[in-house]
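Structure assessment
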Amino acid sequence: MVSDVQRLKEQLHQVSMEAKQAAGGLAGFKLRFTQHSQQVESLIAGTATGVDRDISEILDAAGKAVEQAAEALEIASAGCKSYADQI
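Residues numbered from 1 in each chain as written. Predicted model: local features only at pLDDT ≥ 70, side-chain atom pairs only at ≥ 80, totals over all residues. Heavy atoms only, no water.

Turning our eyes to something else, we now look at the pattern of salt bridges. On inspection of all chains with the given rule, the structure shows 4 salt bridges. Here Asp4 and Arg7 are joined by a salt bridge, their closest N and O atoms 2.1 Å apart. Here Arg7 and Asp4 lie together in helix 1 (residues 4–44), a separation of 3 residues that amounts to about one turn. Notably, a salt bridge pairs Asp85 with Lys81, separated by 2.8 Å at the nearest N-O pair. Of this pair, Asp85 and Lys81 both sit in helix 2 (residues 50–86), 4 residues apart, which is roughly one turn of that helix. The exposure class assigned to Asp85 is partly exposed, which follows from its relative accessible area of 44%. (Salt bridge = Lys/Arg side-chain N within 4 Å of Asp/Glu carboxyl O. Helix = DSSP H or I, 4+ residues; strand = E, 2+ residues; numbered from the N terminus. Buried < 20%, exposed > 50% of the residue type's maximum accessible area, 1.4 Å probe, protein only.)

See the structure below:
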């Protein structure tokens, strides 16, 4: 019979692994997103409309949010692993 502590450790390791995988996937997405965003921004560069500036700001904010999410997942992964290893 598996103890509650052992199940907790297994669950923490599972969460850690999945968070790390998700962070890696987000990192790949961030790279592609940045490339596409830069292309969009270069195509609209020099235009004077407010909508163009809004799109650039939206793309920048989204890119930063993806980066922060990936970092948060890496932190969660490390924290879960560390805790599981201690118990």
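On we go from here.
Structurally, the position occupied by Ser37 is in helix 1. Between the C-alpha atom of Ser37 and that of Gln11, which follows or precedes it by 26 residues, the distance is 37 Å.

With that settled, the discussion passes to the environment of Ala62. Mapped onto the fold, Ala62 is located in helix 2. For Ala62, a relative accessible area of 29% gives the class partly exposed.

A separate point is the side chain of Ser16. In this fold, Ser16 is placed in helix 1. Judged by its relative accessible area of 7%, Ser16 is buried. With residues near it in sequence (within four places) discarded, Ser16 still touches Ser77, Cys80 and Lys81. (Contact = heavy atoms within 4.5 Å.)

Without other data, these values stay purely geometric and don't point to any function.
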